[in-house]
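Here's the letter readout for the chains.
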Amino acid sequence: MEKRKLSAIPRMEATPEMVEMADRMPGIKHMVTAELVEDSKILLLNFFEVSKLKKGKTEAAFRTFLSSDDYITQDLSVSKVKWLTAAFDNMQNFRVFEYKWDGCKSQHIPLVFIWSATDKETIEKFFKTYSKKDDESVWNAIGRFQDKVKASRLEEKHRKVLAPIDLKMEPIVEPPQEFRDWVWEYGMSFSRYGIYKETSKGKAEFECTYCKKIGVVDRSKVRLRNNEKGECPFCGSKVTYKARGKMPYQIVDERWFIYVDRQEKGFLLRYFNAKRHIKNDACIETSIFKKRIEESLFEYSRSFWTFVGNTPMKESYEWGVYHQRGLSRWIPDEGNIACMESILYPGNLPQAWEHTPMKYSALEILAQNIPTTAFRYEDALDVYLKFPKLEWFCKMGLNQLAKDVVRGYNYSGNMTGKVNYKAGTIYEILGLNKVNTRTLQAIDGNHYELRLLQVAQQLDIQMKPEQLKEFYETFECNTDLLREKNRKVSLHKLCRYIDKESERYPIGEKNACMWGYSYNRYKERTDPRIERKQNMAHDWLEYIGWCRELKYDLDNKFIYMPNNFKKVHDRTAEEYKALQDKKAAAEKKRREKLAAKKMAETKKAMEEIFSRNDGVDAFQIKGKGLILVVPQSGDEIRKEGEALHHCVGGYVDRVARGETNIFFIRKADHPEKSYFTMEWRDNKIIQCRGFKNCGMPADVQAFVKVFEKKMNEAIQGDNKKNAERKAG
Ligand SMILES: [Zn+2]
């Protein structure tokens, strides 16, 4: 539509008949006239507001131009040209119908009146193809037409966004078969199971999900325990054992993989989701494919990386449905794909990014070393650009630490063993000497193990790699226990003891529930043997703490490292609890005694102060005009609380029990009127509040200070007298 041409068409005015009719149209808000313009290609509708016509104003409020494939409305309430794109069903201050529902029937009451039969015929003819037999009026056909235009407008809007994406995605081809093979053979290698079922005593049928072989094994030769890790007796592959009867309906192992696709400028990170379902017998029974395993590998996200100098520029897309319309396709990244924790495919690296600053990152070595570990590789790219020495960690086989550094570089709170990023040499960066650096390398230590080594180095303890590994597996990052004074035997002996005793120890709550959380979805579960050890180590430390309080002889080996630990632990817990109860009871008694003493002191001091006032039952300070009144009953306290709108009423019980004291401070010339309320306990003022808890003015403050001083003088004087009496 040519807006300029349309706006030049003279504005139509209402005829005198229309003005006259306006008074006789109850309920109608707008009158409309119709005409054909531009060689009858465009229908022009002029809308007049009835309320304006009534006042004799003949200008139209707005007019709408409708062609065969578009419409636009011109706002005529302003002299400047102003266009509106809304359809009739979405315009402000305009409605074609009013919808009424009287409880059993719905009704459309028209709010627009088409001026003449000719006007009506013109409109009907123009929208003939959109009309239907049962239409209430011609507005139904117009509504259908406008809906169609709206849909094609939206389509055009989407096309403008999506067409360039299609163009960008067109040259990208399927990744090579080597990538897919690597995903299943290496990346998903943690997802292998040995499913066993005892057939006769000491014999079990064993099914390997990797080599697919099924056969009978001798249980005395292979330790088969549910969820423990071991080897397949047929192919030697690492597997997790699963008791056939205890298997869940299906195990779903899932990982994200990054395939780096070389681009002319920069590279493309392609995120693939690999899923493997391992079904139990019941699940196989009900599924269409009667197979133990089902696998899928789909691409869901793409991130284009280009570089300006060393600064990366990223542009992300995801596989999905654009604005709820049409089929799945590449659309702008809307953050629906949570694929940040992923595994990097090293097969085509560093070639795929050799023309970018990532060339020497050595991240492919890291990926090769820990092919089943998912973490935020995109962050690793960013961290490498800021901390290029990350390359050293990768090349030294410090895989776990490299991973921790990526998490901890921007927030050091994520790391227990700190790394000095600014240092020059690897020893300075790690804070370790040569030997300890080699130890860390040997066990591929993480930031906790780094911390243990850093502390051990300070304490001048030389830990061997296997010793460190054993200690960390048992006590995690417990640096206190490294110190010799905190233990009775060598670290090794302690670890051996826990290892032996934990064989039948429960896994514990911490480890049992943790694996249910979704943030652990992309992590491999540790061997239950380690979880048992850690749980027992935790309980053992707690037990030692109890023994100390119970004054047990920890030099006695049978107390320090008891046999049958679980039983001893539980028994000691009872003993410890009894001790605590006894202590708590003694403490309560002591406090009660002290409080009673203080109350007696208060009483005596009050008597003394008041006796100086010659029988007047009030403490007074001359010239200040304030007095202290001692309430005689709980009712008086309650009334004080009501009068001052504070909560002293709630103190009645405590006062009655002799746990605290309440005094009233009043003006000497109005001794019956509530003014301030004071709580006195433990020989001091606890609080002093006035109306609605307001604070004290200067004169009240001065008054309570003098009172406090006098009370304490009286108490101390009395104590002195008692002391003298005792001494005498
Ligand atoms: Zn096998």
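Keep in mind that this is a model prediction, so the values were computed, not measured.

Undergrad: Hey, could you run me through the sheet that holds strand S4 (residues 71-75) in this one?
TA: Through backbone hydrogen bonds, the strands of a sheet pair up, either in parallel or in antiparallel fashion. Taken in spatial order, the six strands line up as S5-S4-S3-S2-S1-S8 in an open sheet, and their pairing is mixed. Strand pairing shows two members of the sheet lacking a second neighbour, strand S5 (82-84) and strand S8 (112-114), which therefore form its edges. Mean inter-strand twist for the sheet, computed between neighbouring axes without regard to direction, equals 30°. Where S4 lies against S5, three bridges are found, and the strand directions are antiparallel. Bridging from a neighbouring strand, Gln 74 pairs with Trp 83 of S5. Sitting on the sheet, helix H4 (residues 117-126) is in contact with strand S1 (30-37), strand S2 (42-49), strand S3 (62-66) and S8, with an inclination near 60° to S1. Sheet contacts for helix H5 (residues 138-169): S1, S2, S3, S4 and S8; angle to S4, the most-contacted strand, approximately 105°.

Undergrad: Any chance you could explain the sheet that holds strand S20 (residues 375-376) here in plain terms?
TA: With mixed pairing, seven strands are arranged side by side in an open sheet as S18-S17-S16-S15-S14-S19-S20. Either end of the sheet is taken by a strand with one partner, and the two such strands are strand S18 (325-332) and S20. Relative to S18, strand S17 (residues 311-322) runs antiparallel, the two sharing five bridges. Its bridge partner being in S18, Trp 319 is matched across the sheet by Trp 330.

Undergrad: Teacher, can you tell me more about a positive patch on the surface here?
TA: The grouping of Lys 418, Arg 451, Arg 483 and Lys 485 at the surface amounts to a positive patch. Counting through the fold element by element, Arg 483 comes out in the loop between helix H15 (465-475) and helix H16 (491-501). Take Arg 483: its relative accessible area is 31%, and that puts it in the partly exposed class.

Undergrad: What's the story with the packing of helix H13 (residues 434-443) against helix H14 (residues 447-458) in this structure? I'm lost.
TA: Working note: a packed helix pair is described by the angle between its axes plus the distance between those axes. Running from N to C, H13 and H14 cross one another at 155°; their axes reach a closest spacing of 10 Å. Overall, the two elements H13 and H14 adopt an arrangement that is roughly antiparallel. Both H13 and H14 take part in a crossing whose hand is right-handed. Here Asn 436, Thr 439, Leu 440 and Ile 443 of H13 come into contact with H14, specifically with Glu 449, Leu 450, Leu 453 and Gln 457. A class-by-class count of the residues in the contact of H13 with H14 yields four nonpolar, three polar and one charged.

Undergrad: What should I look at first to understand H5 in this one?
TA: Along an α-helix, residues three or four positions apart point the same way, because every turn accommodates 3.6 residues. Look at H5: 46 Å from first C-alpha to last across 32 residues, which is about the 46 Å you get at 1.5 Å a residue. At Lys 160, H5 shows its largest bend, some 35°, and a proline, Pro 164, comes one to four positions later. Among the residues of H5, Val 138, Trp 139, Ala 141, Ile 142, Phe 145, Gln 146, Val 149, His 158, Leu 162, Ile 165 and Met 169 are the ones counted as buried.

Undergrad: Got a minute to help me understand the environment of Pro 506 in this structure?
TA: By the secondary structure assignment, Pro 506 is in the loop between H16 and helix H17 (509-514). Sequence separation between Pro 506 and Lys 533 is 27 residues; the distance between their C-alpha atoms is 9.1 Å. Setting aside residues no more than four positions away along its own chain, Pro 506 makes contact with Arg 532, Asn 535 and Lys 566.

Undergrad: Would you explain the nonpolar core in this entry?
TA: Within soluble globular proteins, side chains that are nonpolar generally end up buried alongside one another. Of all hydrophobic cores here, the largest spans 89 residues; its most connected members are Phe 393 and Trp 540. Each residue touching Phe 393, except ones within four places of it in the same chain, is listed here: Phe 387, Leu 398, Leu 401, Ala 402, Val 405, Val 419, Ile 426, Ile 429 and Leu 430. Counting 25 residues, the second largest nonpolar core, distinct from the first, contains Leu 45, Ala 61, Val 112 and Phe 145.

Undergrad: Looking at this model, I keep getting lost on the pattern of salt bridges. Mind explaining?
TA: Enumeration over the complete set of coordinates arrives at 53 salt bridges. The residue Lys 577 makes a salt bridge to Asp 581 at a minimum N-O spacing of 3.5 Å. Pair noted here: Lys 577 and Asp 581 are both in helix H20 (residues 565-612), with a separation of four residues, about one helical turn. Connected through shared salt-bridge partners, Lys 469, Glu 470, Glu 473, Arg 496, Asp 499 and Lys 533 make up one network.

Undergrad: Help me out: how do you make sense of the coordination of the zinc ion in this one?
TA: Working reference: metal with six octahedral donors, ideal angles 90 or 180 degrees; metal with four tetrahedral donors, ideal angle 109.5 degrees. Bound to the zinc ion on the protein side are Cys 208 (SG), Cys 211 (SG), Cys 232 (SG) and Cys 235 (SG), at distances that span 2.2 to 2.4 Å. Around the zinc ion, the four donor atoms sit at angles spanning 101 to 125°, and that spread fits a shape best called tetrahedral. All donors to the zinc ion come from one chain, and their sequence spacing reads C-x2-C-x20-C-x2-C. Judged by its relative accessible area of 3%, Cys 232 falls in the buried class.

The rules behind each value
- Residues numbered from 1 in each chain as written.
- Predicted model: local features only at pLDDT ≥ 70, side-chain atom pairs only at ≥ 80, totals over all residues.
- Heavy atoms only, no water.
- Pairing = 2+ DSSP bridges.
- Helix = DSSP H or I, 4+ residues; strand = E, 2+ residues; numbered from the N terminus.
- Axes fitted to C-alpha atoms, helices over the stretch in contact; angles between N-to-C directions.
- Contact = heavy atoms within 4.5 Å.
- Patch = residues over 30% accessible without salt bridge, like charges linked within 9 Å, V, L, I, M, F, W, Y side chains within 5 Å.
- Areas by Shrake-Rupley, 256 points an atom, 1.4 Å probe, with all protein chains shown as cover.
- Salt bridge = Lys/Arg side-chain N within 4 Å of Asp/Glu carboxyl O.
- Lys, Arg positive; Asp, Glu negative; His and termini not counted.
- Charge placed at Lys NZ, Arg CZ, Asp CG, Glu CD.
- Buried < 20%, exposed > 50% of the residue type's maximum accessible area, 1.4 Å probe, protein only.
- Parallel < 35°, antiparallel > 145°, perpendicular 65-115°, else oblique.
- Left-handed = near helix turned anticlockwise from the far one by under 90°.
- Nonpolar A, V, L, I, M, F, W, Y, C, P; charged D, E, K, R; others polar.
- Expected span 1.5 Å × (residues − 1).
- Bend = angle between axes of the 7 residues up to and from the residue.
- Core = buried A, V, L, I, M, F, W, Y, C linked by side-chain atoms within 4.5 Å.
- Donors = N, O, S within 2.8 Å, 3.2 Å for Na, K, Ca; no water.
- Tetrahedral: all angles 85-135°; square planar, octahedral: opposite > 155°, others 65-115°.

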